[in-house]
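Overview (structure and organization)
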Amino acid sequence: MITLQKQDLYDILYGCTILGTGGGGSLEAGLKLIDEALAAGKTFCLVDFSEVPDDAWIATPYMCGSVSPSTPELDAQYADLPVMKDPDSYLAYKALEEYFGQEFYGVTSTELGGGNTAIALYVGAWLGKYILDADPAGRSVPELQHSTFFLHDLPIYPLACANQFGDVAILPRVVNDLRAEALVRAMAVASKNRIGVVDHPAQAKTLRDSIIKGAISRAWKIGKTFRETKQAGGAVAARIAEVGGGFVLFQGRVSSHHYDTVDGFTIGEVVISGEGSYAGSEYKIYFKNEHMISWRDGEVDVTIPDLIIVFNEDSCEPNLNPYFNEGMKVSVIGLPAPAEWRTPRGLEVFGPAYLHADVEYVPIEKKYGSA
């Protein structure tokens, strides 16, 4: 067990934001949750899965919804409703424990993202639970079925949902993860495009072979590398690519971008005009909360499940969707996906087929050579 200190937690969340490929929730909001819990004297205890008893109950708290900013029209629509002090996912976790009639041992994040991993950390610390060094995605993903739990046919239910207005729902059973996605997404749309969820309640012996172990430690390493390289004035994108076993894909300035909020997702694209050794080329990225597929000069370059990450070189920060500005100087890097997503089942669930694209998945290292 490791007791995480503030710098550790910040490094983890920065690493998760990088591995979040533009999604995964607000890093700023995530850091605020960490600060709030630390100010209240809460302790963040990270445990390796090998330390967890087989009969320990674990659940997964997170936020579901769009990553788009709110609008005055949306604010006005919900202006008459109360807003709860406690985070949505905290309320959902407590509701699921009440439904089971017992306290759980710990939490695992649902994906690696500055917002969603922070929620798992916060809920774990606030309720005195252990935080598992594991994750069922190894990156950020747009839908509930995009998890290694789904790849191993683990039931997502019972699951709890709660929104910022205090509405709480328990779904004792759903047909499958795809149906859970539809139901939860609909509740998010009716809840100002965000809702807290806690799902996959199960004992450690059930989850042990169905999760990516060491995922939080990987994010921690990436985040620490980011901080140290930035402090030293080094080339952050190149260093992250090196440490992550990936590649710098493109560098230039944003020439155009647009997005919309559709059915609870932030969907859009950004176009980058090359500079330096990339001058004369153009790079385009399509995102559905997270970066899904990219093209260089009209030819497919990288697709999910591999990670497409954008750095804002002006601020030297990982960039979140949909926050692009024309003229923004950026670097694009690509990292290989966790092995679980590269299996035939993984590619069926979260490969080019998910995008309905007639494109063959080519592992990034096969396209770009050995890192």
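Refer to the preceding data block for the structure.
Note that the structure is predicted; figures quoted are calculated from it, not measured.

Turning our eyes to something else, we now look at the pairing of strand 2 (residues 44-47). Successive side chains on a regular strand alternate, one facing one side of the sheet and the next facing the other. Going residue by residue along strand 2, you find Phe44 and Leu46 tucked away on one face and Cys45 and Val47 tucked away on the opposite face as well. The pairing of strand 1 (residues 2-4) with strand 2 spans three bridges and is classified as antiparallel. Bridge pairing in strand 2 places Leu4 opposite Phe44. Across three bridges, the pairing between strand 2 and strand 5 (residues 130-132) is parallel. Within the sheet, the bridge partner assigned to Val47 lies in strand 5 and is Leu132.

Our next topic: the packing of aromatic side chains. As enumerated under the stated definition, the model contains 16 aromatic pairs in all. On the numbers, 5.3 Å between centres and 15° between planes, the contact of Tyr14 with Phe226 is stacked. Taken as a pair, Tyr14 in helix 1 (residues 6-19) and Phe226 in helix 9 (residues 215-231) lie far apart in primary sequence, 212 residues in all. Accessibility classification places Tyr14 together with Phe226 in one group, the buried group. Members of the aromatic cluster, joined through ring pairs, are Trp57, Tyr93, Tyr99, Phe100 and Phe104. Over the aromatic face of Trp295 sits the side chain of Lys284, whose NZ or CZ is 5.0 Å from the ring centroid.

What follows is about the sheet that holds strand 16 (residues 307-312). One open sheet accounts for eight strands, arranged 15-14-13-12-11-18-16-17; its pairing is antiparallel. Every interior strand has two partners, whereas the edge strands, strand 15 (299-303) and strand 17 (317-318), have only one. In terms of strand pairing, strand 14 (residues 290-296) meets strand 15 through three bridges, oriented antiparallel. Bridge pairing in strand 15 places Arg296 opposite Glu299.

Quick look at helix 2 (residues 27-39) now. Here helix 2 is 13 residues long and its end C-alpha atoms lie 18 Å apart, about the 18 Å a rise of 1.5 Å per residue gives. Restricting attention to buried positions, one finds in helix 2 the residues Leu27, Gly30, Leu31, Leu33, Ile34 and Ala37. End-on view of helix 2: buried residues confined to an arc of 155°, all on one side of the axis. Exposed residues pointing more than 90 degrees away from the buried face of helix 2 are listed as Glu28, Lys32 and Ala39. If you check the start of helix 2, you find a side-chain oxygen 3.3 Å away from the backbone N of Glu28, and it comes from Ser26. Where helix 2 ends, the next residue or the one after it, Gly41, has phi of about 80°, a positive value.

Before going further, it helps to examine unusual backbone geometry. Residue Pro305 follows Ile304 across a cis peptide bond; omega there is 15°. Relative to the elements of secondary structure, Pro305 occurs in the loop between strand 15 and strand 16. Across the junction of Asn321 and Pro322, the peptide omega takes the value 0°, indicating a cis bond. One can find Pro322 in the loop between strand 17 and strand 18 (329-335). Even without being glycine, Asn193 reaches a positive phi, approximately 65°. Inspection of the secondary structure puts Asn193 in the loop between helix 7 (177-189) and strand 9 (194-203). Assessed through its relative accessible area of 17%, Asn193 is described here as buried. Phi is positive for Asn289, which is not a glycine, with a value near 65°. By the secondary structure assignment, Asn289 is in the loop between strand 13 (282-288) and strand 14.

Ranked by internal contacts, the top residues of the largest apolar core, which has 68 residues, are Phe44, Tyr93, Val123, Ile240, Phe311 and Phe350. In terms of residue count, the dominant contributor to this core is helix 1 (eight residues). Of all hydrophobic cores here, the second largest spans 18 residues; its members include Phe247, Ile285, Phe287 and Val310.

A few words on the state of the cysteines. Throughout this description, disulfide means a covalent bond between two cysteine sulfur atoms. On inspection of all chains with the given rule, the structure shows zero disulfides. Free of any disulfide, Cys45 has its nearest neighbouring cysteine sulfur in Cys16, separated by 18 Å. Among the cysteines around Cys316, which has no disulfide bond, Cys16 carries the closest sulfur, lying 18 Å off.

Thresholds, definitions, all that
Residues numbered from 1 in each chain as written. Predicted model: local features only at pLDDT ≥ 70, side-chain atom pairs only at ≥ 80, totals over all residues. Heavy atoms only, no water. Buried < 20%, exposed > 50% of the residue type's maximum accessible area, 1.4 Å probe, protein only. Helix = DSSP H or I, 4+ residues; strand = E, 2+ residues; numbered from the N terminus. Pairing = 2+ DSSP bridges. Phe/Tyr/Trp six-rings, centres within 6.5 Å; stacked < 30°, edge-to-face > 60°. Lys NZ or Arg CZ within 6 Å of the ring centre and 35° of its normal. Expected span 1.5 Å × (residues − 1). Arc of directions from axis to C-beta. Polar contact = N/O pair within 3.5 Å; in protein donor to acceptor, adjacent residues only side chain to side chain. Core = buried A, V, L, I, M, F, W, Y, C linked by side-chain atoms within 4.5 Å. Disulfide = S-S within 2.5 Å.

These figures capture arrangement, not role.
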